[in-house]
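Breakdown of the fold
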Amino acid sequence: MGHWYVNFVVEMPTIETKHEVEDVGGDLGLKDALVLSDGSRIENPRIYAKNEAKLSGFQRHGKRKQARRLAARIKNIRKDFIHKKTLAIVKKFRTIFIGDVSGKFLQSSNGKSSADASTGSVRSILSYKAVRHQGRVVDVSERSIASTVTCSCCFVRSGPSGLSDLRVREWICSACGTVFDRDVNAAQNHLRVGRDSLRSA
């Protein structure tokens, strides 16, 4: 017996929210689902990774019903985790500037890691939750500003680049000597460029 669902379309009112902070930058990724410019992050819960061996066992032994139940449980745990984390972010920040990396692109090149990080879901859930809480999510072009390799202090492109350097999580700017967490630096670039784009709009 499968699960049955009923969907109702309802109009939800905007929630009046007193945001603690005006804006923040964000960088979507795999190691962490989302890293913010203030250093906080939504860690990758790795729900699939924790249950992969058990799920594979069910599939190998033809236990389809158990496999479906476990796959559904993994999906629901991941979704619940993301909803709780994104809700806390939209309540705190009015405007969230997010790099425009495609969740589908990350998943096509990283597979299971991307599915566990739920990169695409984080962006979409943040977007509609922000609107409901009188905020907004603004996309920032990562490619045009080279956000992962550009120093957010002096703007020189001195960071590690290329597929071989993806494992480098911290680096020192060769121009100004600032030490960076790779993802926090990218989020700070998204914040800076996002602010500039709104001023010039």
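Whatever comes next refers back to the structure up there.
Now for a look at the structure at hand. (Residues numbered from 1 in each chain as written. Predicted model: local features only at pLDDT ≥ 70, side-chain atom pairs only at ≥ 80, totals over all residues. Heavy atoms only, no water.)

**Quick look at the packing of helix α1 (residues 47-60) against helix α2 (residues 64-92)**
What describes two packed helices is the angle between their axes and the distance between those same axes. Note the following rule: Note on geometry: axes are C-alpha line fits, over the in-contact stretch for helices, and angles between N-to-C directions span 0 to 180 degrees. Only DSSP runs of H or I reaching four residues or more are called helices, and only runs of E reaching two or more are called strands; each is numbered from the N terminus. Any angle from 65 to 115 degrees is called roughly perpendicular, while one under 35 is roughly parallel, one over 145 is roughly antiparallel, and all others are oblique. Note on contacts: a residue pair is in contact if any heavy atoms of the two residues lie within 4.5 Å. When residues are grouped by polarity, Ala, Val, Leu, Ile, Met, Phe, Trp, Tyr, Cys and Pro land in nonpolar, Asp, Glu, Lys and Arg in charged, and all others, Gly among them, in polar.
For the pair α1 and α2, interaxial distance at closest approach is 9 Å and the crossing angle is 170°. Here α1 is positioned roughly antiparallel relative to α2, judged by the angle of their axes. On α2, the residues touching Ile 47, Tyr 48, Asn 51, Lys 54, Leu 55, Phe 58 and Gln 59 of α1 are Gln 66, Ala 67, Leu 70, Ala 71, Arg 73, Ile 74, Ile 77 and Arg 78. Its residues assigned to classes, the contact of α1 with α2 shows nine nonpolar, three polar and three charged.

**Quick notes on the pattern of salt bridges**
To keep things clear, this is the line we draw: Each salt bridge in this description consists of a side-chain nitrogen of Lys or Arg and a carboxyl oxygen of Asp or Glu lying within 4 Å of one another. Here's how the labels work: a residue is buried when its accessible area is under 20% of the maximum for its type, exposed when over 50%, partly exposed in between, all with a 1.4 Å probe on protein chains only.
Within this structure, the stated rule accounts for eight salt bridges. With a closest N to O distance of 2.9 Å, Arg 41 and Asp 32 form a salt bridge. Taking relative accessible area as the criterion, Asp 32 reaches 7% and is therefore assigned buried. One salt bridge in this structure joins Arg 199 and Asp 196, with 2.7 Å as the shortest N-O distance. Taken together, the positions of Arg 199 and Asp 196, both in helix α7 (residues 182-200) and three residues apart, correspond to about one turn of that helix. If you follow the salt bridges from partner to partner, you end up with Lys 31, Asp 32, Arg 41 and Asp 181 in one network.

**What about the sheet that holds strand β4 (residues 93-99)?**
Cut-off, in case you're wondering: Pairing between strands requires that DSSP locate at least two bridges from one strand to the other.
The strand order across the open sheet formed by five strands is β3-β2-β1-β4-β5, and the pairing between neighbours is mixed. Each edge of the open sheet carries a strand with a single partner, namely β3 (41-43) and β5 (136-140). Averaged over all adjacent pairs, the angle separating strand axes in this sheet is 25°, with direction ignored. Relative to β4, strand β1 (residues 21-28) is paired through five bridges, and the arrangement is parallel. Paired with Val 21 across the two strands is Phe 93, which belongs to β4. On top of the sheet, α2 reaches β1, β2 (32-36), β3 and β4; it is set at about 120° to β4, its chief contact. Where α7 meets the sheet, it contacts β1, β2, β3, β4 and β5, and its direction lies at approximately 130° from that of β1.

**Some words on the environment of Arg 136**
The line we're drawing: Side-chain atoms alone can form a polar contact between residues adjacent in sequence; in general such a contact is a pair of N or O atoms within 3.5 Å, and within protein one must be able to donate a hydrogen while the other accepts it.
Among the structural elements, Arg 136 can be located in strand β5. Between the alpha carbons of Arg 136 and Leu 126 there is a distance of 8.5 Å; along the sequence they are 10 residues apart. Aside from chain neighbours lying at most four places away, what touches Arg 136 is Arg 94, Thr 95, Ile 96, Ala 130 and Leu 198. Within the structure, the side chain of Arg 136 is placed 3.4 Å from the side chain of Thr 95, a separation counted as a polar contact.

**Concerning the packing of aromatic side chains**
For clarity, the threshold we go by: Pairing of aromatic rings covers Phe, Tyr and the six-membered ring of Trp, with a centre-to-centre limit of 6.5 Å; geometry is then stacked below 30 degrees between planes, edge-to-face above 60, and tilted otherwise.
The final tally for this structure, using the stated rule, is one aromatic pair. Each ring, one from Trp 171 and one from Phe 180, has its centre 5.0 Å from the other, and the planes form 40°; the classification is tilted. Neither Trp 171 nor Phe 180 differs from the other in exposure class; each is buried.

**Re unusual backbone geometry**
We note that Arg 46 has phi near 50°; this positive angle belongs to a residue other than glycine. Within the secondary structure, Arg 46 is located in the loop between β3 and α1. Phi is positive for Phe 155, close to 70°, though the residue is something other than glycine. As for its position among the elements, Phe 155 is in the loop between α6 (142-145) and β6 (170-172).

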